[in-house]
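Secondary and tertiary structure notes
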Amino acid sequence: MPDEAAISSVCPTIGEAGIARVVAAFYRQVPTDDLLGPMYPPHELAEAEARLRDFLIFRFGGSDRYLHQRGHPRLRMRHAPFVVSQAARDRWVMLMDRALTDAEIPPATQAIMQEFLHQTATMLINS
Ligand code: HEM
């Protein structure tokens, strides 16, 4: 895991707008993905996008509105209803890597985000 100082430097560096671009680029790919598409509620994609965006803004050192709206993240518990296999984890990471490229995040910040996101995704495997 990157150290806490690096993690919390991300949002101050690229802004909420930078994180919003990444998450939008991620969710643009979800509906047509054969593995992940069916896991996400189609009528709630905009809300799902807002939840991931606000979580990442919070975790990467920005506003804590995620906590006020959703409470403690407890990510493993919140993913328990979904089958997160190694294959689902790898796909999620692939879409997220592509989103980081599409959103043109500067390489040093991208590296911090990637390390955090890849490791968190691995931690969420539950089947
Ligand atoms: C490992 C592969 C992953 C899969 C298959 C997956 C799948 C999902 C699904 C299906 C949802 C429900 C969508 C919604 O209605 O919000 C969700 C929610 C969420 N995921 Fe993931 N996810 C993965 C990894 C991650 C990672 C790595 C993070 C954080 C770095 C993350 C953060 C979140 C958050 C914050 C929510 C919303 C929680 C809430 O407030 O209810 N997920 N995920």
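Whatever comes next refers back to the structure up there.
The following refers to the structure shown.

Rules and cut-offs
Residues numbered from 1 in each chain as written. Predicted model: local features only at pLDDT ≥ 70, side-chain atom pairs only at ≥ 80, totals over all residues. Heavy atoms only, no water. Helix = DSSP H or I, 4+ residues; strand = E, 2+ residues; numbered from the N terminus. Buried < 20%, exposed > 50% of the residue type's maximum accessible area, 1.4 Å probe, protein only. Contact = heavy atoms within 4.5 Å. Lys, Arg positive; Asp, Glu negative; His and termini not counted. Charge placed at Lys NZ, Arg CZ, Asp CG, Glu CD. Donors = N, O, S within 2.8 Å, 3.2 Å for Na, K, Ca; no water. Phe/Tyr/Trp six-rings, centres within 6.5 Å; stacked < 30°, edge-to-face > 60°. 1 Å grid on protein atoms, 1.4 Å probe; cavity = no way out; pocket = protein on both sides within 12 Å on 5 of 7 lines; lining within 4 Å. Points joined across faces, edges and corners; volume = space filled by probe spheres on them. Nonpolar A, V, L, I, M, F, W, Y, C, P; charged D, E, K, R; others polar. Near = heavy atom within 4 Å. Polar contact = N/O pair within 3.5 Å; in protein donor to acceptor, adjacent residues only side chain to side chain. Sits in = over half its atoms within 2 Å of the grid points.

Considering the overall build of the protein
Within the protein one finds seven helices and zero strands. Of the regular secondary structure in the protein, the N- to C-terminal order runs α-α-α-α-α-α-α. Across its three principal axes, the protein shows a C-alpha extent of roughly 35 × 30 × 25 Å. Looking at the protein as a whole, 39% of its 127 residues qualify as buried. Sequence-distant contacts, at least 24 apart, represent 73% of the contacts inside the protein between residues at least 6 apart. Separation between the mean location of the 13 positive side-chain charges and that of the 15 negative ones in the protein comes to 5 Å.

Notes on the coordination of the iron atom of the ligand
Of all protein atoms, His-79 (NE2) alone acts as a donor to the iron atom of the ligand, lying 2.0 Å away. Residue placement: His-79 occurs in helix H5 (residues 75-79).

Points about the packing of aromatic side chains
Inspection of the entire model under this criterion finds six aromatic pairs. Look at Phe-55 and Phe-58: their rings are 6.5 Å apart centre to centre, the planes differ by 65°, and that puts the pair in the edge-to-face class. Separated by three residues within a single helix, Phe-55 and Phe-58 lie in helix H3 (residues 45-59), roughly one turn from each other. The class for Phe-55 is buried, based on a relative accessible area of 9%. The structure contains a cluster of three or more aromatic residues connected by ring pairs, namely Phe-26, Tyr-27, Tyr-40 and Trp-92.

Observations regarding the layout of surface pockets
The volume enclosed by the largest pocket comes to roughly 750 Å³. Lining the largest pocket are 27 residues, and of these Tyr-27, Tyr-40, His-79, Phe-82 and Trp-92 sit closest to its centre. Counting residues per element, the ones that place at least two in the lining of the largest pocket are H3, helix H4 (65-70), H5, helix H6 (86-102) and helix H7 (107-123). Taken together, the residues that form the lining of the largest pocket break down as 20 nonpolar, two polar and five charged.

Structural notes on the site of the ligand
Around the ligand sit 20 residues, and of these Arg-51, Tyr-66, Arg-70, His-79 and Trp-92 come closest. One of the side-chain N or O atoms of Arg-70 is found 2.7 Å from an oxygen atom in the ligand. Between the ligand and Trp-92, the relevant distance is 3.4 Å, taken from a nitrogen atom to a side-chain nitrogen or oxygen of the residue. Comparing atom positions with the cavity grids shows the ligand to sit within the largest pocket. Put simply, the parts of the chain that give the shell around the ligand at least two residues each are H3, H4, H5, H6 and H7. In terms of residue count, the dominant contributor to the shell around the ligand is H3 (four residues). In terms of residue class, the shell around the ligand is built from 14 nonpolar, two polar and four charged.

Topic: the environment of Cys-11
By the secondary structure assignment, Cys-11 is in helix H2 (residues 10-29). A residue is classified by how much of its surface remains accessible, and Cys-11, at 6% relative accessible area, is buried. Remark: the alpha-carbon pair of Cys-11 and Arg-59, spanning 48 residues in sequence, is separated by 8.6 Å. Setting aside residues no more than four positions away along its own chain, Cys-11 makes contact with Glu-16, Ile-19, Ile-57, Phe-60, Gly-61 and Gly-62.

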